Amino acid sequence: MADQPTGPMAIGFIGLGIMGRPMAHNVLRAGFPLVVYDLQPEPVDDLAAAGARAADSPAALAQQVGVVLLCLPDSPDVQAALCGPQGVLAGARPGQIVVDMSTISPVVARELAATAAAQGVTLLDAPVSGGQVGAAQGTLSIMVGGDAAAFAQVRPVLAAMGKTILHIGASGAGQVTKACNQIVIAVTIEAVAEAMVLAAKAGVDPAQVRQALLGGYAYSRVLEGHGERFLARNFAPGFRTRLQYKDLNIAMDAGRAYAAPLPATALVHQLYGALMARGGAEQDHSALVTLLEELAGIK
Ligand code: NAD
């Protein structure tokens, strides 16, 4: 199939980064004809070598496929790829479905869905959780907002990339769910980091504290995975601090837009800002512990 990449069965993929590239490979592997676009030539060449066709612009890509998938960094990138002069909507036909798998603002997601709908195009928001490993293994959790019939139509494509695939509700519901996910993870990282710093300052072995907590009600995957990173001093990404900061920005914006006070998120957002300011942007988000250690005078 991969040698005939156009037609209603064909899938377009825009944004072939850490997440998008392995996700696109999985779509291709599942047998869907694939057309790809990215600002960088290297990942496009990689997908082309695996059997995908390269498009010159998002508009040209949209003309060749039935469904367009996006996996871009942030709201302005998705706005540009969709609504720019050579954007997806410039090439899209009424009835086409666009699935935005980026993590962006729910407010922007709703606005973009309305813009697409005015052209007869259905936009679903479908952010993912599970990281680079989940993307490579096709085991992502995919949380979808938007039209239920369109969701049913694209489900087989999403199944090539994810394991837990949930239609959460109307447009924006997927991005709201992802913001909730990021709040829980970031605030938990901060809590676990504080606990580890207290243990160290009190002269108690943080490894033993973690072990004890893992067996009780304080268990969490953050305590398990990131707690281990704290102990091993392993802050290689993983999930970069600048993306964690971006996602907390999104959560804070959503809190303002929907009048939900997020006091703990606001604090952790500021702490991640401080970690970025002292050069941690490209470190794993577990590196928050180093900031708390500094505050505590731990060398
Ligand atoms: P990335 O920076 O590695 O990749 C983004 C890709 O988009 C790059 O290849 C870039 O060249 C391309 N791009 C940017 N603007 C473009 C445009 N206008 N047109 C075409 N291509 C464009 O980012 P990533 O880590 O793959 O993350 C993508 C999204 O997935 C983000 O919203 C992120 O928050 C989310 N996410 C990431 C992870 C993770 O662990 N990395 C986990 C879950 C969700």
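Model, not experiment: these values are computed from the prediction.

What counts, and at which threshold
- Residues numbered from 1 in each chain as written.
- Predicted model: local features only at pLDDT ≥ 70, side-chain atom pairs only at ≥ 80, totals over all residues.
- Heavy atoms only, no water.
- Salt bridge = Lys/Arg side-chain N within 4 Å of Asp/Glu carboxyl O.
- Helix = DSSP H or I, 4+ residues; strand = E, 2+ residues; numbered from the N terminus.
- Buried < 20%, exposed > 50% of the residue type's maximum accessible area, 1.4 Å probe, protein only.
- Axes fitted to C-alpha atoms, helices over the stretch in contact; angles between N-to-C directions.
- Parallel < 35°, antiparallel > 145°, perpendicular 65-115°, else oblique.
- Left-handed = near helix turned anticlockwise from the far one by under 90°.
- Contact = heavy atoms within 4.5 Å.
- Nonpolar A, V, L, I, M, F, W, Y, C, P; charged D, E, K, R; others polar.
- Domains from an automatic or database assignment.
- Buried area = accessible area lost by both parts, 1.4 Å probe.
- Polar contact = N/O pair within 3.5 Å; in protein donor to acceptor, adjacent residues only side chain to side chain.
- Near = heavy atom within 4 Å.
- Areas by Shrake-Rupley, 256 points an atom, 1.4 Å probe, with all protein chains shown as cover.

Undergrad: Teacher, can you tell me more about the pattern of salt bridges here?
TA: Side chains bearing opposite charge may pair, as long as their charged atoms lie close to each other. Across all of its chains, the model carries nine salt bridges by this definition. The salt bridge involving R242 is made with E282; its shortest N-O contact spans 2.9 Å. Pair noted here: R242 is in helix α12 (residues 241-257) and E282 is in the loop between α13 (263-280) and α14 (288-295), with a separation of 40 residues, a long-range link. The exposure class assigned to R242 is partly exposed, which follows from its relative accessible area of 37%. Close ionic contact of R278 with E294 constitutes a salt bridge, the shortest N to O distance being 2.6 Å. Of this pair, R278 sits in helix α13 while E294 sits in helix α14; the two residues are 16 residues apart in sequence, bridging distant segments of the chain. When its relative accessible area of 38% is taken as the criterion, R278 is described as partly exposed. Connected through salt bridges with shared partners, the residues R21, E42 and D46 form a single ionic network.

Undergrad: Can you help me understand the packing of helix α9 (residues 173-201) against α12 in this one?
TA: Angle between the axes and distance between the axes are the two parameters that describe a pair of packed helices. α12 packs onto α9 with a crossing angle of 120° between their chain directions and a minimal axis gap of 9 Å. Between α9 and α12, the interaxial angle falls into the category oblique. The way α9 lies across α12 gives a crossing that is left-handed. Contacts between α9 and α12 pair K178, A179, Q182, I183, I185 and A186 from the former with Q244, D247, L248 and A251 from the latter. The residue inventory of the contact of α9 with α12, partitioned by class, reads six nonpolar, two polar and two charged.

Undergrad: Please clarify how the domain arrangement of the protein should be interpreted in this entry.
TA: Accessible area lost upon the coming together of the parts serves often as the stated size of an interface. When cut into domains, the protein gives domain 1 (11-170) and domain 2 (177-296). Each of domain 1 and domain 2 has a C-alpha centre, and these two points are 29 Å apart. On the side of domain 2, 10 residues touch domain 1, which itself brings 14 residues to the contact. Interface area, domain 1 with domain 2, both sides summed: about 1000 Å², of which 64% is carbon and sulfur. Between domain 1 and domain 2 we count four residue pairs in polar contact (both at pLDDT 80 or more) in total. Where the side of domain 1 that touches domain 2 is concerned, the elements lending two or more residues are α6 (106-117) and β7 (128-129). For the side of domain 1 that touches domain 2, the per-class residue count stands at nine nonpolar, three polar and two charged.

Undergrad: Can you walk me through the environment of G238 in this structure?
TA: Position of G238 relative to the elements: it lies in the loop between α11 (221-232) and α12. With sequence-adjacent residues up to four places away left out, G238 is seen in contact with R229 and D284.

Undergrad: Is there a simple way to think about the site of the ligand in this case?
TA: The full set close to the ligand counts 21 residues, and M19, D38, P73, T103 and K246 are the nearest of them. With respect to the ligand, the backbone of L39 contributes an N or O atom lying 3.5 Å from a nitrogen atom. Contacts to the ligand include L72, whose backbone N or O atom sits 3.0 Å from an oxygen atom. Summarising the interface, the protein chains cover 88% of the accessible area of the ligand, which totals 840 Å² for the free molecule. Residues that form the shell around the ligand fall into these classes: 12 nonpolar, six polar and three charged. Counting contributing residues per domain, the shell around the ligand is built from domain 1 (11-170) and domain 2 (177-296), each supplying no fewer than three.

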